[in-house]
Amino acid sequence: MDLAGGFGARYLQERIDREIMLAKPMGIIVEAADETALVLRAPLAPNANHKGTAFGGSLYSLAVLTGWAWMTRFLASRKLDAEAVIQESSMRFLVPVHGEMRACIAIPGAADIDKFEKMLQRAARGRIRLQVTMHEGARLATVFDGLFAAAMRR
């Protein structure tokens, strides 16, 4: 089901700018958003630490927001009136990021998506695990693993 036309990068950028106050000061841009990829990026300058590399809190925030953006787009594209939140997460910081931060989500497999949708239909709530990565050049820089939850609005 490709619904990117109405729920692509522009849609997500507007939602993020309107609903996530931290996004503008961080300079977050939606680079891509469709059924096959979701990528958010942010410049180094407003997110740099005292060593001139990306601040760990900014990397974490961008990763969580990438997962939230996938959930938000997924729910909206299927006309599911639900709230998406992060429930639990962990993040590994492997190498410093010296330039633009670029977060890419690993689109969940069909079985995981199907299970998530069935939970939402049966119990009006569901959870799905999402992974987001960032690279420094060709090297893997961060790995974020998050459990996201959605609950249907009443």
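Refer to the preceding data block for the structure.
Predicted model only: the values in this text are computed from it and were never measured.

J.: Would you take a moment to explain helix 3 (residues 56–77) for this structure?
T.: Since there are 3.6 residues in each turn of an α-helix, residues three or four apart along the chain are aligned in direction. End to end, helix 3 covers 31 Å across 22 residues, agreeing with the expected 32 Å (1.5 Å per residue, within 8%). Taken across its 22 residues, helix 3 has 18 buried, putting it largely inside the fold. Positive backbone phi, at 55°, marks Lys79, one or two positions downstream of helix 3.

J.: Looking at this model, I keep getting lost on the layout of surface pockets. Mind explaining?
T.: Where empty space is left in the structure can be found by rolling a water-sized probe over the atoms. Quantified by volume, the largest pocket comes out at close to 200 Å³. Residue lining of the largest pocket: 14 residues in total, with Met119, Gly126, Arg127, Ile128 and Leu147 positioned closest to the centre. Counting only elements with at least two residues in the lining of the largest pocket, the list comes to helix 4 (110–123), strand 5 (125–136) and strand 6 (139–152). When residues in the lining of the largest pocket are grouped by element, the largest group, 5 residues, is from strand 5. A class-by-class count of the residues in the lining of the largest pocket yields 7 nonpolar, 2 polar and 5 charged.

J.: Explanation requested: the pairing of strand 4 (residues 101–106) in the structure shown.
T.: Successive side chains on a regular strand alternate, one facing one side of the sheet and the next facing the other. Because side chains alternate across strand 4, one face comprises the buried residues Met101, Ala103 and Ile105, and the other comprises Arg102, Cys104 and Ala106, none of which is buried. Here 4 bridges tie strand 2 (residues 38–42) to strand 4, and the two strands are oriented antiparallel to one another. In the strand pairing of strand 4, Arg41 is matched with Arg102. In this structure, strand 4 lies alongside strand 5, joined through 4 bridges in antiparallel fashion. Bridge pairing links Ala106 to Gln131 in strand 5.

J.: Hey, could you run me through the pairing of strand 6 in this one?
T.: Bridge analysis of strand 3 (residues 82–93) against strand 6 gives 11 bridges, and the strand direction is antiparallel. Within the sheet, the bridge partner assigned to Ser89 lies in strand 6 and is Gly146. In terms of strand pairing, strand 5 meets strand 6 through 12 bridges, oriented antiparallel. By the bridge assignment for strand 6, Thr133 is matched with Val143. Taking the residues between adjacent antiparallel strands as the criterion, strand 5 and strand 6 are bridged by 2 residues, where Gly137 takes a positive phi near 65°.

J.: Can you walk me through the packing of helix 1 (residues 9–19) against helix 3 in this structure?
T.: Here helix 1 crosses helix 3 at 120°, and the two axes come no closer than 11 Å. By the criterion of interaxial angle, the relationship of helix 1 to helix 3 is oblique. Here helix 1 runs over helix 3; the crossing is right-handed. Along its contact with helix 1, which presents Tyr11, Leu12, Arg15, Ile16 and Glu19, the element helix 3 presents Leu65, Trp68, Ala69, Thr72, Arg73 and Ala76. Considering only residue class, the contact of helix 1 with helix 3 consists of 7 nonpolar, 1 polar and 3 charged.

Conventions used here
- Residues numbered from 1 in each chain as written.
- Predicted model: local features only at pLDDT ≥ 70, side-chain atom pairs only at ≥ 80, totals over all residues.
- Heavy atoms only, no water.
- Helix = DSSP H or I, 4+ residues; strand = E, 2+ residues; numbered from the N terminus.
- Expected span 1.5 Å × (residues − 1).
- Buried < 20%, exposed > 50% of the residue type's maximum accessible area, 1.4 Å probe, protein only.
- 1 Å grid on protein atoms, 1.4 Å probe; cavity = no way out; pocket = protein on both sides within 12 Å on 5 of 7 lines; lining within 4 Å.
- Points joined across faces, edges and corners; volume = space filled by probe spheres on them.
- Nonpolar A, V, L, I, M, F, W, Y, C, P; charged D, E, K, R; others polar.
- Pairing = 2+ DSSP bridges.
- Axes fitted to C-alpha atoms, helices over the stretch in contact; angles between N-to-C directions.
- Parallel < 35°, antiparallel > 145°, perpendicular 65-115°, else oblique.
- Left-handed = near helix turned anticlockwise from the far one by under 90°.
- Contact = heavy atoms within 4.5 Å.

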